[in-house]
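Summary of structural features
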Amino acid sequence: MNQLILGTAGHIDHGKTALVHALTGTDTDRLKEEKSRGITIELGFAELSLGTQRLGVVDVPGHEAFIRSMVAGATGMDVVLLIIAADEGVMPQTREHLNILELLGVPELVVTLTKSDLVDEEWRELVRTDVEELLATTSYAGAPVVFTSSINGEGLDTLVEKLSETVQRIGQRNNADLARLPLDRVFTIKGTGTVVTGTLWTGTLQRGAHVRLLPNEFESRIRKLQVHGSDVETATAGNRIAVALSGASSHRKAVIRGTTLVSDANWKSSWMLTVHVQLIQGVKWTIKHNQRIRVHIGTSEVMARCALLMKKELDSGSQGWIQLRLEEPVVARARDRVILRTYSPMITIGGGVVAEPQPAKRNFLDKSVQDALEKVLEGEPIVAVEALLSIASWYGIDANALPITSGLPPGIAQDTVTQVQADGGLLSSDRLFSREVALEAEELILSGVHQEHIEKPLRSTIPLPVLRSSLPTWAAPEIADAVINKLIEEGALERQGSGVKTQGYQPHPSPLQEDLIKELRDIYTTMGLGAPLVGELPPHLAGHPDIWGLLKFLEEKEEIVVIADGYYVLKDEFEAAVQRVHNLLGGQAMLGPSAFREALPLSRKQLIPMLNCLDGLGVTVRHDGGREVPLPQT
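These numbers were taken from a predicted model, which means no experiment stands behind them. (Residues numbered from 1 in each chain as written. Predicted model: local features only at pLDDT ≥ 70, side-chain atom pairs only at ≥ 80, totals over all residues. Heavy atoms only, no water.)

**Description of the sheet that holds strand β20 (residues 319-331)**
Note the following rule: Strands were regarded as paired on the criterion that DSSP finds at least two bridges between them. Think of it this way: any DSSP run of H or I at least four residues long counts as a helix, any run of E at least two long counts as a strand, and we number them from the N terminus. Working convention: axes come from line fits to C-alpha atoms, limited for helices to the stretch in contact. Angles between N-to-C directions cover 0 to 180 degrees.
As summarised here, the arrangement of the 6 strands in space is β17-β20-β19-β18-β21-β22, forming a closed barrel in which the pairing is antiparallel. Ignoring strand direction, the axes of neighbouring strands in this sheet form an average angle of 40°. Across 7 bridges, strand β18 (residues 291-297) lies against strand β19 (residues 300-308) in antiparallel orientation. Across the sheet, the residue bridging to glutamine 291 is cysteine 306, located in β19.

Following this line, the structure appears as structure tokens:
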């Protein structure tokens, strides 16, 4: 069954609570003060049956002082019953509530003119005309208007019929979305503990599930779930639910209204929001840079400073981009709606849509970023994700957090990531990069390899740190290795040891380097095992910038072997020396360095490094009393 929320809105004392009671049989005024004063102060809740469709009903306060509760209740509504007393007609609070509903993007509206038993036909027509004119300039133009009376029951059946027709146009909420429950009530029940209530905006919650309470990052567990007073194992989006929490962090004093209950690990609280705002036509207020303002999002109300991201101030009826620098953290998602009210006096002046729930600090938006953010808010999934990728550029976006940064349900977000990859995008360690960035990264990596081969022709492979430095310093570290692996898979590069090279590349010395190599060969051939250390080579060789590359080249060609740091000998000489050690000393033990002089005719300065090398190869074994030369295994 499609679970939907029906909310009420309208001026104080226009009969909202009485009408809800007439429709549902539930008195939503639960506080003693509400009953004594005859006004709704806090949110009230009921359930309305429309055949097979059951609606959760949220009765919101109408008094100006309780607008905060009104916004908290209206957030997440699917259809609103705008209630206007027929004997009084449209009032200032009616207009403010209607503005809030439109700014929050509530999709459907039905109007009922209550207390119709108090007015005659002529007056009814005047009121109806006023209402139609009020709605004409809004997204609710043409909404049904029904005269009702809670006293004599007039129009109640017609109202139920209009509500039934309206809810048929509303789509099913996505239960596979991320679970999010903004809390609008918190209380304690003896024997149960802390209980929180709210409208489950999206997703599904299950009894026993581990959840987090943001922004305080409290960990808790769902001990019990109720939907309209009935215990359930699972609650789905669109339901009014009560959740009993367990755990030390779910203490009543620690959990307050405005907290958001979530289950996915990628939800984060934020101190800044990038928002596209729309000011209400006719308000006599201007949003200036650094102006302090009230921000309503979900059930939270926080103060914030407005950082204008465009050059001009925002006045009545205008729209533009601002970044809200919040005084307290909130939980938000791309495409969430916010309401803006002045600090004092408290007047609703506009609203907005969150484009960046976790933004970098911005002082200005250029045209390209504005265009991209507009696509995030309004574009199809692939368009929205590509827009995020264009903004992120070399840093990429977290694919796991995409349902939050794009506002897309997880399944759609994952399908979009797959589509981006199919179109040439790159996914590495859960970080997603655009096709354009991936292609540019490939070009830079290949260019870096090519340049290194030119500048260091003796080097058989290019170390990975060198190639990583080919990319911009602000690039996410994941992209370099991902691109290198991709180029290896495609055959453009070849991995060798701890580095890579162009497929099939072979080191080749220049003519000048060939001359130097010839000199080195002559020296190592002449000197045998007693070859000089690198620092002892002739100055033009020892000080040459390519000396280590030349030695590495000869080592890779297996012409020389490294004995110790800077000590090289010809491979043939070394293998012959190993054979002499086996022939002359094989099977002997407790040998001191001097016992090796016949097999290894070297000075002590070179003999000790040579013996250490043989120890490492297992040709000799060093003990406390001397060395052993094991017999070769046959």
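Continuing now.
**Concerning the layout of surface pockets**
Using the following cut-off: Put plainly, a pocket is an open set of points on a 1 Å grid over the protein atoms alone with protein on both sides within 12 Å along at least five of seven lines, a cavity is a set where a 1.4 Å probe fits but cannot get out, and a lining residue has an atom within 4 Å of a point. Grid points are joined across faces, edges and corners, and a volume is the space filled by probe spheres set on the points. Side-chain classes are defined by residue name, with Ala, Val, Leu, Ile, Met, Phe, Trp, Tyr, Cys and Pro counting as nonpolar, Asp, Glu, Lys and Arg as charged, and the others, Gly among them, as polar.
Reported here for the largest pocket is a volume of approximately 1,600 Å³. Along its surface, the largest pocket is lined by 48 residues, and Leu104, Gly105, Val106, Arg335 and Arg337 are the ones closest to its centre. Every element with two or more residues in the lining of the largest pocket is listed here: α4 (92-103), β17 (269-279), β22 (348-356) and α7 (367-378). Top element by residues in the lining of the largest pocket is α4. It accounts for 5 residues. A class-by-class count of the residues in the lining of the largest pocket yields 18 nonpolar, 18 polar and 12 charged. What the second largest pocket holds in volume is close to 630 Å³. Lining the second largest pocket are 21 residues; nearest its centre among them are Gln358, Gly396, Ile397, Thr405 and Arg431. Looking at the lining of the second largest pocket, the elements with two or more residues in it are β22, α8 (381-392), β23 (397-398) and α9 (402-405).

**Notes on the pairing of strand β21 (residues 337-342)**
Heads up, the rule is: Burial classification: accessible surface area is computed with a 1.4 Å probe over protein chains only, and a residue below 20% of its type maximum counts as buried, one above 50% as exposed, and the rest as partly exposed.
Here β21 lies mainly inside the structure; 5 of its 6 residues are buried. Across 4 bridges, β18 lies against β21 in antiparallel orientation. What sits directly across from arginine 294, in β21, is arginine 341. Pairing analysis gives 5 bridges linking β21 to β22, with the strands arranged antiparallel. Bridge pairing links leucine 340 to glycine 350 in β22.

**Observations regarding helix α10 (residues 410-422)**
Filter applied, for reference: Between the first and last residue of a helix there are one fewer steps than residues, each counted as 1.5 Å, and that sum is the expected span. Only heavy atoms enter the contact rule, under which two residues are in contact if any of them lie within 4.5 Å.
End to end, α10 covers 18 Å across 13 residues, agreeing with the expected 18 Å (1.5 Å per residue, within 8%). The secondary structure elements touched by the buried residues of α10 are α8, α9, β24 (426-428) and β25 (431-433). Two residues or fewer past α10, glycine 424 is found with a positive phi of approximately 110°.

**As for the packing of aromatic side chains**
Aromatic rings considered in pairs are described by the distance between their centres and by the relative angle of their planes. Quick note on the threshold: The aromatic pairing rule takes the rings of Phe, Tyr and Trp, using the six-membered ring of Trp, and pairs them if the centres are within 6.5 Å, calling planes under 30 degrees apart stacked, those over 60 edge-to-face and the rest tilted. Note on criteria: charge over ring means Lys NZ or Arg CZ within 6 Å of the ring centre, with the direction from the centre no more than 35 degrees off the ring normal.
Enumeration according to the criterion identifies 0 aromatic pairs in this entry. Its guanidinium or amino end placed over the ring of tyrosine 395, arginine 431 lies 4.3 Å from that ring's centre, counting from NZ or CZ.

**As for the environment of arginine 341**
Definition in use: Any pair of nitrogen or oxygen atoms within 3.5 Å is treated as a polar contact; in protein, a donor-acceptor pairing is required on top of that, and neighbouring residues in sequence qualify only through side-chain atoms on both sides.
Note on placement: arginine 341 falls in strand β21. A relative accessible area of 2% places arginine 341 in the buried class. A C-alpha to C-alpha distance of 31 Å links arginine 341 and glutamate 380, two positions 39 residues apart in sequence. Reaching out from arginine 341, the side chain makes a polar contact with the side chain of glutamate 96 at a distance of 3.0 Å.

**Some points on the packing of helix α11 (residues 435-455) against helix α13 (residues 477-489)**
Let me state the cut-off plainly: Here the word oblique covers every angle except those under 35 degrees (roughly parallel), over 145 (roughly antiparallel) and from 65 to 115 (roughly perpendicular).
Two elements in contact, α11 and α13, have axes whose closest approach is 10 Å; the angle formed by their N-to-C orientations is 75°. By the angle between their directions, the pair α11 and α13 is classed as roughly perpendicular. Residues Val437, Ala438, Ala441, Glu442, Ile445 and Leu446 of α11 lie in contact with α13, whose contacting residues are Ile479, Val483, Ile484, Lys486 and Leu487. In terms of residue class, the contact of α11 with α13 is built from 9 nonpolar, no polar and 2 charged.

**What to know about the pairing of strand β5 (residues 108-114)**
In plain terms, the rule: When the strands point away from the viewer and the path from the first strand over the helix to the second turns clockwise, the crossover is right-handed.
Summarising burial for β5: 7 of the 7 residues are buried, a large majority. With burial as the criterion, each face of β5 is covered, one bearing Glu108, Val110, Thr112 and Thr114 and the other bearing Leu109, Val111 and Leu113. For the handedness criterion, the β-α-β arrangement of strand β4 (residues 79-85), α4 and β5 is classed as right-handed. Pairing between β5 and strand β6 (residues 145-147): 3 bridges, direction parallel. Following the sheet pairing, threonine 112 is matched in β6 by valine 146. Considered for its hand, the β-α-β crossover made up of β5, helix α5 (residues 121-136) and β6 is right-handed.

**A word on the confidence of the model for the protein chain**
In plain terms, the rule: What pLDDT reports is the predictor's confidence in each residue, on a scale of 0 through 100.
Averaged over every residue, the pLDDT of the protein chain is 87; the share at 70 or more is 93%. Throughout residues 29-42 the model reports pLDDT below 50, and contacts reaching past four residues in sequence, or to other chains, amount to 32 contacts. For the stretch residues 62-66, pLDDT sits under 50, and the model shows 15 contacts to residues farther than four places along the chain or on other chains.

**A closer look at unusual backbone geometry**
Of note, the amide linkage connecting leucine 214 to proline 215 takes the cis form, showing an omega dihedral of 15°. Its place among the elements puts proline 215 in the loop between β11 (210-214) and β12 (218-227). Phi at aspartate 430 takes a positive value of approximately 70°, unusual for a residue other than glycine. In this structure, aspartate 430 sits in the loop between β24 and β25.

**Brief notes about the nonpolar core**
Counted only if it meets this: Among buried residues, those of type Ala, Val, Leu, Ile, Met, Phe, Trp, Tyr and Cys that are joined through side-chain atoms within 4.5 Å constitute a nonpolar core.
Judged by nonpolar contacts, the single largest core of 52 residues is most densely connected at Leu109, Val131, Ile287, Ile293, Ile322, Leu324 and Leu340. Counting residues in hydrophobic clusters, the runner-up holds 40 residues, among them Leu458, Ile547, Ala577 and Leu585.

**Considering empty space enclosed by the protein**
Considering all chains together, one arrives at 3 cavities of 30 Å³ or more under this definition. Counted as a void, the largest cavity has a volume near 60 Å³. Residue assignment for the lining of the largest cavity shows that the elements contributing at least two residues are β7 (180-182) and β20. Along the lines of polarity and charge, the residues of the lining of the largest cavity split into 5 nonpolar, 5 polar and 1 charged. A volume near 50 Å³ is recorded for the second largest cavity. As for the second largest cavity, its lining consists of Leu6, Thr8, Val20, Leu23, Thr24, Leu48, Val57 and Leu81. The set of elements that each furnish at least two residues to the lining of the second largest cavity consists of β1 (4-9) and α1 (16-24). Considering each element in turn, the lining of the second largest cavity owes the most residues, 3 residues, to α1.

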